[in-house]
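Fold and contact review
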Amino acid sequence: MSAFPEVVELNVGGTPYAVTLKTLLAEEGSWLQDTFGGGSPPPDLPVDARGHYFIDRDGGLFRHVLDYLREPARYTLPIGFLERDRLRREAEYYRLAGLVELLGKQVPGCITVGYRGSFQFGRDGLADVKFRKITRLLVHGRVALCREVFGDTLNESRDPDHGGSDRYTARFFLKHVFIEQAFDMLQEQGFRLVGSCGSGTAGSVSENLKPGVDTEENRWNHYNEFVFVRD
C-alpha cells in the first residue's frame, strides 16, 4: 500500500500544487516515481508548516512538468516560451527522459529579418558619416517560430492574432532597432545565416524630407534582408 493519498499536496519552491498520485508516478524511472511510489515517504523528503511535501525546485516551471506527465504524447511548449533551457534542467533533475528528449528537439524553419535605414551624416556631409540609422527591424516567418525566438521583443501590433500559430506573417517587427541583438537571439536558438541581399540608393532629392533628415542622408536610404535557417 502507498503511504501517499490519491491527491498529493506539494509545495514546489513556494508554489502550492495539488496533483493526483497517478500523475506523479506516470513516467517509469523518474525521481517523482522513486520519491512518491514507495510504501513510505523517503526520510529526506521535507514537509512544510502546512503538511505539504516540499520540493526545493522552481515552482513556476513545475506546472510544465505536470502538463507533460498528464499527456506526454500531446505535450507541446507554449507559444513564445523563453525558458527552454531552465525547463530542461528541471526535467533532468526529475529524470523525465521523455521531456528531456522533447526539449532537445528544435523545430526547423526559416526567419527573415529586414531593415530600412540610412546613414546618419554630420555637418560635413559625406566626409562625416557618423553611424547607420535603422528606423525599424522587420521579421517575416512562421508566427510560432518568430515568437519562440524573439519573445517579448516582438511587436505584433500590425498583425494581431487572427489565426493559428502555424500561420505565416510578413508584418511583425521588433521593439528595438539593434540588428546585432536580433542576430544574437537567432544564433542562440540554433539559426544560421544562409543569405542576404540589399537595395541600392532609394532616396530622391525632390522628396519631402522628414524633420531631422537632410538631403544627403535621404539619398543614402537602403533596405537589407537577412535569411536565417534552422535545420
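What this report covers is the structure whose coordinates are included nearby. Since this is a predicted model, take the numbers as computed values, not measurements.

Turning our attention to the overall build of the protein. Helices and strands together make up the secondary structure of the protein, namely 8 helices and 9 strands. Per-residue burial over the protein gives 39% buried out of 231 residues. Taking the contacts inside the protein whose residues are at least 6 apart along the sequence as the reference set, 63% of them involve residues at least 24 apart.

Taken residue by residue, a regular strand's side chains alternate between the two faces of the sheet. The buried fraction of strand 9 (residues 222–230) is high, at 7 of 9 residues. Direction of pairing for strand 8 (residues 192–198) relative to strand 9: antiparallel, over a ladder of 6 bridges. Directly across from Arg 192, in strand 9, lies its bridge partner Val 229.

Here we take up the environment of Thr 23. Within the element layout of this structure, Thr 23 appears in helix 1 (residues 21–24). Once the C-alpha coordinates of Thr 23 and Asp 67 are considered, the two residues, 44 residues apart in sequence, prove to be 9.4 Å apart. Filtering out sequence-adjacent residues up to four positions away, Thr 23 remains in contact with Leu 66, Leu 69 and Arg 70. Looking at Thr 23, its side chain comes within polar contact range of the side chain of Thr 20, at 2.9 Å.

What follows covers the sheet that holds strand 1 (residues 7–12). The pairing of strands in a sheet happens through backbone hydrogen bonds and is either parallel or antiparallel. The sheet built from 3 strands is open, its strands ordered 2-1-3 with mixed pairing. Since the sheet does not close on itself, it has two edges, and those belong to strand 2 (15–20) and strand 3 (53–55), each with one partner. For this sheet, the mean angle separating the axes of adjacent strands, direction not counted, is 35°. Taken together, the 3 bridges between strand 1 and strand 3 define a ladder with parallel strand orientation. Bridging across to strand 3, Asn 11 finds its partner in Phe 54. Against the sheet, helix 3 (residues 59–70) contacts strand 1 and strand 2, and its axis sits at roughly 15° relative to strand 2.

Our next topic: helix 7 (residues 179–188). Considered for burial, the residues of helix 7 that qualify are Ile 179, Ala 182, Met 185 and Leu 186. An end-on view of helix 7 places all buried positions within 120° of arc, on one side of the element. Counted as exposed and oriented over 90 degrees from the buried face of helix 7: Gln 187 and Glu 188. Downstream of helix 7 by a residue or two, Gly 190 has a phi angle that is positive, lying close to 90°.

In terms of nonpolar packing, the biggest core is built from 28 residues, with Leu 10, Leu 32, Phe 36 and Tyr 94 touching the most fellow members. Elements represented by at least two residues in this core include exactly strand 1, strand 2, helix 1, helix 2 (31–36), strand 3, helix 3, helix 4 (84–93) and helix 5 (97–104). The element best represented in this core is helix 3, accounting for 6 residues. Those residues within four positions of Leu 10 in sequence are excluded, and the remaining contacts are Thr 15, Pro 16, Tyr 17, Val 19, Leu 24, Phe 36, His 52, Tyr 53, Ile 55 and Phe 62.

Turning next to the environment of Pro 108. Relative to the elements of secondary structure, Pro 108 occurs in the loop between helix 5 and strand 4 (109–122). The contacts of Pro 108, once residues within four sequence positions are left out, are Arg 142, Leu 145, Arg 230 and Asp 231.

For the coordinates displayed, the defined rule picks out 11 salt bridges. Of the charged contacts in the structure, one is a salt bridge between Asp 34 and Arg 95, with a shortest N-O distance of 2.2 Å. In this pair, Asp 34 sits in helix 2 while Arg 95 sits in the loop between helix 4 and helix 5, placing the two residues 61 residues apart along the sequence. You can call Asp 34 partly exposed: its relative accessible area is 48%. One salt bridge in this structure joins Arg 84 and Glu 148, with 3.6 Å as the shortest N-O distance. One end of the pair, Arg 84, is in helix 4; the other, Glu 148, is in helix 6 (residues 143–150), and 64 residues separate them in sequence. The same class applies to Arg 84 as to Glu 148, namely buried. Overlapping salt bridges, with partners in common, bring together Asp 58, Glu 83 and Arg 86 in one network.

Next up on the list: the packing of aromatic side chains. Given two aromatic rings, one states the distance between the centres and the angle between the planes to describe the pair. Applying the stated criterion across every chain, the model contains 12 aromatic pairs. Note on Tyr 93 and Tyr 94: the rings are 5.3 Å apart at their centroids and 80° apart in plane angle, and the pair reads as edge-to-face. The exposure class of Tyr 94 is buried, given its relative accessible area of 1%. Between the aromatic rings of Phe 183 and Phe 226, the centroid separation amounts to 5.2 Å while the plane-to-plane angle is 70°, which identifies the pairing as edge-to-face. Here the residue Phe 183 occupies a position in helix 7, and Phe 226 occupies one in strand 9, the gap between them amounting to 43 residues. Taken together, the ring pairs connect Tyr 17, Trp 31, Phe 62, Tyr 93 and Tyr 94 into an aromatic cluster. Above the face of the Tyr 93 ring, Arg 57 is positioned so that its terminal group lies 4.1 Å from the ring centre.

Cut-offs applied
Residues numbered from 1 in each chain as written. Predicted model: local features only at pLDDT ≥ 70, side-chain atom pairs only at ≥ 80, totals over all residues. Heavy atoms only, no water. Helix = DSSP H or I, 4+ residues; strand = E, 2+ residues; numbered from the N terminus. Buried < 20%, exposed > 50% of the residue type's maximum accessible area, 1.4 Å probe, protein only. Contact = heavy atoms within 4.5 Å. Pairing = 2+ DSSP bridges. Polar contact = N/O pair within 3.5 Å; in protein donor to acceptor, adjacent residues only side chain to side chain. Axes fitted to C-alpha atoms, helices over the stretch in contact; angles between N-to-C directions. Arc of directions from axis to C-beta. Core = buried A, V, L, I, M, F, W, Y, C linked by side-chain atoms within 4.5 Å. Salt bridge = Lys/Arg side-chain N within 4 Å of Asp/Glu carboxyl O. Phe/Tyr/Trp six-rings, centres within 6.5 Å; stacked < 30°, edge-to-face > 60°. Lys NZ or Arg CZ within 6 Å of the ring centre and 35° of its normal.

Interpretation note: all reported values are geometric properties and have no functional meaning in isolation.
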